Amino acid sequence: MKSQRILILGGRGRLAAALAREWSRDHEVLCLSRPTPSGSTPSSDRHVISPGADVSNVDALRRTLDEHRFDVLVNGTGMTHVDACEERREEARAVNVTAPQIMAEAARRQGARFLHFSTDYVFDGSKVAPYTEEDPAHPLGWYGRTKLDGEAAVLADSDQHLVVRVSWVFGPDKPSFVDMILNRARTHARVEAVADKFSCPTYAPDVAGWLEPFFDPALPGGLFHACNAGSCSWKEFAEEAIQQAAVQGVPLTTTRVEPLRMADIKAFTAPRPVHTVMSTAKLTRVTGRIPRAWQEAVRDYIKVAYAPISPAD
């Protein structure tokens, strides 16, 4: 595959940063992101991070996109705080619906592939079997509603655009649930996690390999699910992370995870679906890529991010 010019918006996000790092090995990657509080714009040897427009500013976003030439445009932005979306509905719609539509239009004008990320929260969680791309979406809250409307806007713009639903993303570029659990287990005698909510963990670096085949314009666009194989509750996710950390020699205060119920989390104000496991059969059928088990991904992440370095190293 020839080298692609890839423009990523929101380059400091957990998923976007992983994609930039992985793809920059073979492609020319430019990340646009808001400046850090100090005003600095860090860069690496492999990809560049430059200040970018606030995606909620329609005119600034259009100007920014017109200033760049790209073969692939990736939307790594989004308003993802479920409760905040419920409280700040206009902002959530601007970021999750209007901005992706503007990006889709810009990509179409340049004849570029557009990759937009969505969420399992477009489903109401009433289905026990894994959701497929053909299953009707019925979001329970405003976050899921705006993400579903964003999907529709992108897919309506061009059949070459790609909408990718992910869930429970974790990885090395931004703290996630895994890091919160391990930090708790290292410093506290008690760890708790919700035991009655189920989905599929997604390891951010793995997503790069699953989606790179779509740089080939011969592959179709459309809607795809992309997550690691298998499913679990938050409690099972936490237990696996702690067990892997213990095996790899990470010092822990406890290895036990106490169960919580969703109803026990009083801080939650927005409705949340209970069972949103997604099937990746379509992704495998189109790309030939088979996502590995989420447990393997957790093991590799902890080995890189947490396992102590031996004296020989």
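Residues numbered from 1 in each chain as written. Predicted model: local features only at pLDDT ≥ 70, side-chain atom pairs only at ≥ 80, totals over all residues. Heavy atoms only, no water.

Asks: Would you explain the overall build of the chain in this entry?
Replies: Scanning the chain from N- to C-terminus turns up 10 helices and 13 strands. What you see for the chain is a C-alpha radius of gyration of 19 Å, in line with the 20 Å of a compact globule of 313 residues. Counting the 313 residues in the chain, one finds 53% classified as buried. Expressed as a percentage of contacts within the chain between residues at least 6 apart in sequence, the contacts between residues at least 24 apart total 78%. For the chain, the accessible area works out to roughly 14100 Å², and carbon and sulfur atoms hold 50% of it. Across the chain, the 37 positively charged side chains and the 39 negatively charged ones have centroids separated by 1 Å. (Helix = DSSP H or I, 4+ residues; strand = E, 2+ residues; numbered from the N terminus. Rg over C-alpha atoms; globule rule 2.2 N^0.38 Å. Buried < 20%, exposed > 50% of the residue type's maximum accessible area, 1.4 Å probe, protein only. Contact = heavy atoms within 4.5 Å. Areas by Shrake-Rupley, 256 points an atom, 1.4 Å probe, with all protein chains shown as cover. Lys, Arg positive; Asp, Glu negative; His and termini not counted. Charge placed at Lys NZ, Arg CZ, Asp CG, Glu CD.)

Asks: Explanation requested: the environment of Val257 in the structure shown.
Replies: Secondary-structure assignment places Val257 in strand β13 (residues 257-260). It is 27 Å that separates the C-alpha atoms of Val257 and Pro291, two residues lying 34 residues apart in sequence. The residues touching Val257, leaving out its near neighbours within four places in the chain, are Val191, Glu192, Ala193, Lys235, Ala238, Glu239 and Ile242.

Asks: Help me out: how do you make sense of the packing of aromatic side chains in this one?
Replies: To describe a pair of aromatic rings, you give the distance between the ring centres and the angle between the ring planes. Going through the model one piece at a time under the given rule, you end up with 15 aromatic pairs. Measuring from ring centre to ring centre gives 5.7 Å for Phe170 and Phe237, while their planes differ by 70°; the resulting arrangement is edge-to-face. Within this pair, whereas Phe170 is found in strand β7 (residues 169-170), its partner Phe237 is found in helix α8 (residues 234-247), the two being separated by 67 residues in sequence. On the accessibility criterion, Phe170 (1% relative accessible area) is buried. On the basis of relative accessible area, Phe237 is assigned to the buried category, the value being 1%. Stacked on the ring of Phe268, the Lys or Arg Arg272 has its end atom at 3.7 Å from the ring centre. Over the face of the ring belonging to Phe224 we find Lys282, whose NZ or CZ atom lies 4.5 Å from the ring centre. (Phe/Tyr/Trp six-rings, centres within 6.5 Å; stacked < 30°, edge-to-face > 60°. Lys NZ or Arg CZ within 6 Å of the ring centre and 35° of its normal.)

Asks: Explain unusual backbone geometry here, please?
Replies: A negative phi holds for most residues other than glycine; trans holds for most peptide bonds. In the Ramachandran plot, Trp168 falls in the positive-phi region, its phi being about 50° despite a non-glycine side chain. With respect to the helices and strands, Trp168 occurs in the loop between β6 (162-166) and β7. Take Trp168: its relative accessible area is 10%, and that puts it in the buried class.

Asks: Would you mind showing me how to read the layout of surface pockets here?
Replies: To locate leftover empty space, one rolls a probe as large as a water molecule over the atoms. Considering only enclosed or pocket space, the second largest pocket measures out at about 240 Å³ in volume. Lining the second largest pocket are 16 residues, with Asp71, Gly111, Ala112, Arg113 and Pro217 positioned closest to its centre. A per-class count over the lining of the second largest pocket returns 6 nonpolar, 5 polar and 5 charged. (1 Å grid on protein atoms, 1.4 Å probe; cavity = no way out; pocket = protein on both sides within 12 Å on 5 of 7 lines; lining within 4 Å. Points joined across faces, edges and corners; volume = space filled by probe spheres on them. Nonpolar A, V, L, I, M, F, W, Y, C, P; charged D, E, K, R; others polar.)

Asks: What is the right way to look at helix α5 (residues 142-157) in this model?
Replies: Helical geometry note: an α-helix holds 3.6 residues per turn, so side chains three or four residues apart project in the same direction. For α5, built from 16 residues, the straight-helix expectation of 22 Å at 1.5 Å per residue is met to within 8% by its first-to-last C-alpha distance of 23 Å. Listed as buried for α5 are Trp142, Tyr143, Gly144, Thr146, Lys147, Leu148, Asp149, Gly150, Glu151, Ala153, Val154 and Asp157. Lining the buried residues of α5 we find α3 (82-87), α4 (89-110), β5 (113-119), β6 and β11 (222-225). (Expected span 1.5 Å × (residues − 1).)

Asks: Where do I start with the pairing of strand β1 (residues 5-9) in this structure?
Replies: In regular strands, side chains alternate between the two faces of the sheet. Within β1, 4 of the 5 residues are buried, leaving the element largely enclosed by the surrounding structure. In the sheet, β1 pairs with strand β2 (residues 28-33) via 5 bridges, with the strands oriented parallel. When the bridges of β2 are listed, Leu9 appears paired with Leu32. Note on the crossover from β1 through helix α1 (residues 14-23) to β2: the handedness is right-handed. Two strands pair when backbone bridges link them, and β1 and strand β4 (residues 72-75) are joined in this way by 4 bridges, in the parallel orientation. Paired with Leu9 across the two strands is Asn75, which belongs to β4. (Pairing = 2+ DSSP bridges. Right-handed = clockwise from strand over helix to strand, strands pointing away.)

Asks: Sorry, what's going on with the confidence of the model for the chain here?
Replies: The predicted structure's coordinates, where accompanied by low pLDDT, should not be read in detail. On average, residues of the chain score 92 in pLDDT, and 91% of them reach the 70 mark or higher. Long-range and interchain partners of residues 39-46, a stretch whose pLDDT sits below 50, account for 12 contacts in this model, where long-range means more than four residues apart. Predicted confidence is poor over residues 309-313, with pLDDT under 50, and the contacts of this stretch with residues over four places away or in other chains come to 0 contacts. (pLDDT = per-residue confidence, 0-100.)

Asks: Help me out: how do you make sense of the pattern of salt bridges in this one?
Replies: Pairing of side chains with opposite charge becomes possible as their charged atoms draw close. Considering all chains together, one arrives at 20 salt bridges under this definition. As a salt-bridge pair, Asp66 and Arg109 come within 3.5 Å of each other at their nearest N and O atoms. Taken together, the residues span a long stretch of sequence, with Asp66 in helix α2 (residues 58-66) and Arg109 in helix α4 at a distance of 43 residues. Taking relative accessible area as the criterion, Asp66 reaches 45% and is therefore assigned partly exposed. A network of salt bridges, in which partner residues are shared, links Arg21, Glu22, Arg25 and Asp173. (Salt bridge = Lys/Arg side-chain N within 4 Å of Asp/Glu carboxyl O.)

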